[in-house]
Amino acid sequence: MRIENEMLSRFNKTEDLRMNTIDMSLSQELDFFFDNVLDTVVDYFKEEVTVKS
């Protein structure tokens, strides 16, 4: 019984870590996406200012 409990506790910890990793990777992907969008917008307006000047 003790071994079963230990295995269950290890499984639950692994499962929690996996879920946190999935959440973290999604968060990182969204950060990366929005950073790229922001960089693109900034570059666009820099070009606009340069062309009009």
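Cut-offs used in this document
Residues numbered from 1 in each chain as written. Predicted model: local features only at pLDDT ≥ 70, side-chain atom pairs only at ≥ 80, totals over all residues. Heavy atoms only, no water. Helix = DSSP H or I, 4+ residues; strand = E, 2+ residues; numbered from the N terminus. Buried < 20%, exposed > 50% of the residue type's maximum accessible area, 1.4 Å probe, protein only. Phe/Tyr/Trp six-rings, centres within 6.5 Å; stacked < 30°, edge-to-face > 60°.

## Section: the overall build of the protein
Here comes step 1: Check the secondary structure of the protein and you find one helix and zero strands.
Here comes step 2: For the protein, the proportion of its 53 residues judged to be buried stands at 0%.

## Observations regarding the packing of aromatic side chains
Here comes step 1: Throughout the structure, instances matching the rule amount to two aromatic pairs.
Here comes step 2: Centroid distance F33 to F34: 5.1 Å. Interplanar angle 75°. Geometry classified as edge-to-face.
Here comes step 3: Judged by relative accessible area, which is 46%, F33 ranks as partly exposed.
Here comes step 4: When the centroid spacing of 5.2 Å and the interplanar angle of 80° are considered together, the rings of Y44 and F45 count as edge-to-face.
Here comes step 5: By relative accessible area, which is 51% here, F45 ends up exposed.

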